[in-house]
Amino acid sequence: MTAPTRTHPTPAVLPGTMWPSPPGALRVRPLPRETPASYLTRLAAAYHLSPAHLLDGLHITATGTPAAPHATELHLSCEAARRLAAFTRIPPAHLNRALTRRPLPATIATAPTATARWQPLAPAVQPLPTCNACTLRRPPHHASPAWIHPAPDLPRAMIYTRHQQASSDPRHRAPLDIRTLPELTHARLTARRPPTTASLSWATTITTRWYDHHQHLHTRWHTRLHQLTTANPHLTPGPASPNLTCRGLVTYPETLTLATTLDRLPRHTPLTRTQQTAFLHHLARRLHLTRLAPADHDLLWQRLTTR
């Protein structure tokens, strides 16, 4: 006689939930420093949904107007973040570490319910497109680009050394091919110690002024810009000229060099004229220049005399 088959009762689904356990069938992993708006867009695309529909399915009340992932920030309340983590089957602590979380508005931070807010981002703080070769390796949805914030302790550019791609402006919807510019990956790989925030800010301002006024390194930068536009024929002049959108990449190695060199200056101690001359000689060698003679109005002099 065959023994009776023992059956197990099906676990009941709690009221108010949209899925039985386990929830998300498709695993979509976030990229390091990816924005919540970008990750939610990729997650929704894996299920052929819009971000608004996915939030609604998770019973998260959203306000604001969603736009392109790079142009908007998505703020999630604690309960909304918990529901997103439960659906993706990613521990909340891991998800919070992966996604960049800007300070929440007071109405979201203190909300006891699952709420979200779409907030426009200014171009200067918009995320950058990630390496599409890296995104293609992350199933299940291969076609959705990802947007991440650059590291705060490096020049505002993303250098993907493995696949020789880079991005520095959100107006580029895809990273650029930099195989003809090995100095970009070399600068990224040889950066032993990130510069301080103050020195990086000074260096970025100084090299931007040099670039805009065709000073000191303009011949090198013009050649680099030509190589970049030749390798990326989709960069066409227009409202967003490559001269502007590629500036961060064109000046990246020299900005990083200048920032790390400025960090070697003594703090709270004015430099003598002899020390200033020695510093300029040292900086010229690091920038591979035969001579560096800034004009009196050059911002570099302002940095050397500021304490």
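Residues numbered from 1 in each chain as written. Predicted model: local features only at pLDDT ≥ 70, side-chain atom pairs only at ≥ 80, totals over all residues. Heavy atoms only, no water.

A. Representation of the confidence of the model for the protein in the model. Here the protein shows a mean pLDDT of 85. Residues at 70 or above account for 88%. Contacts from residues 4-21, a stretch scored under 50 in pLDDT, to residues over four places away or in other chains number 11 contacts. (pLDDT = per-residue confidence, 0-100. Contact = heavy atoms within 4.5 Å.)

B. Broad picture of the sheet that holds strand β7 (residues 165-167). Taking strand neighbours across the sheet as the criterion, the three strands line up as β6-β7-β8 in an open arrangement whose pairing is antiparallel. A single partner strand is all that each edge strand has here, and the edge strands are β6 (158-160) and β8 (176-177). Pairing of β7 with β8, which is carried by two bridges, proceeds in the antiparallel orientation. Residue pairing across strands places Ala 166 opposite Leu 176, the latter belonging to β8. (Pairing = 2+ DSSP bridges. Helix = DSSP H or I, 4+ residues; strand = E, 2+ residues; numbered from the N terminus.)

C. Broad picture of the packing of helix α1 (residues 36-46) against helix α3 (residues 78-88). Look at α1 against α3: their axes get within 13 Å of each other, and the N-to-C directions meet at 40 degrees. When the axis of α1 is compared with that of α3, the two are oblique. Here α1 and α3 pass one another in a crossing that is left-handed. Within the contact between the two elements, α1 uses Tyr 39, Leu 40 and Leu 43 and α3 uses Leu 84, Phe 87 and Thr 88. Taken together, the residues of the contact of α1 with α3 sort by class into five nonpolar, one polar and no charged. (Axes fitted to C-alpha atoms, helices over the stretch in contact; angles between N-to-C directions. Parallel < 35°, antiparallel > 145°, perpendicular 65-115°, else oblique. Left-handed = near helix turned anticlockwise from the far one by under 90°. Nonpolar A, V, L, I, M, F, W, Y, C, P; charged D, E, K, R; others polar.)

D. A look at the environment of Leu 235. Structurally, Leu 235 can be placed in the loop between α9 (218-231) and α10 (242-245). The exposure class of Leu 235 is buried, given its relative accessible area of 11%. Here the alpha-carbon distance between Leu 235 and His 172, two residues 63 residues apart in the chain, equals 8.6 Å. If we ignore the near neighbours within four places in the chain, the residues touching Leu 235 are His 172, Leu 176, Leu 228, Thr 229, Pro 242 and Cys 246. (Buried < 20%, exposed > 50% of the residue type's maximum accessible area, 1.4 Å probe, protein only.)

E. Up close: the nonpolar core. Core analysis: the biggest nonpolar cluster contains 41 residues, and Tyr 252, Phe 279, Leu 300 and Leu 304 have the highest contact counts within it. Elements with a contribution of two residues or more to this core: α7 (182-189), α8 (197-212), α9, α11 (247-250), α12 (252-262), α13 (273-286) and α14 (299-304). Excluding residues within four positions of it along the chain, Tyr 252 makes contact with Leu 154, Pro 155, Ala 157, Ile 159, Leu 184, Ala 187 and Arg 188. In terms of nonpolar packing, the next biggest core, distinct from the first, is built from 24 residues, Leu 43, Ala 46, Phe 87 and Ala 116 among them. (Core = buried A, V, L, I, M, F, W, Y, C linked by side-chain atoms within 4.5 Å.)

F. Inspection of the packing of α7 against α12 at higher detail. Interaxial distance between α7 and α12 falls to 9 Å at its minimum, and their mutual angle equals 30 degrees. With respect to their mutual orientation, α7 and α12 come out roughly parallel. The element α7 and its partner α12 pack so that their crossing is left-handed. Contacts between α7 and α12 involve Glu 183, Leu 184, Ala 187 and Arg 188 on the former and, on the latter, Tyr 252, Pro 253 and Leu 256.

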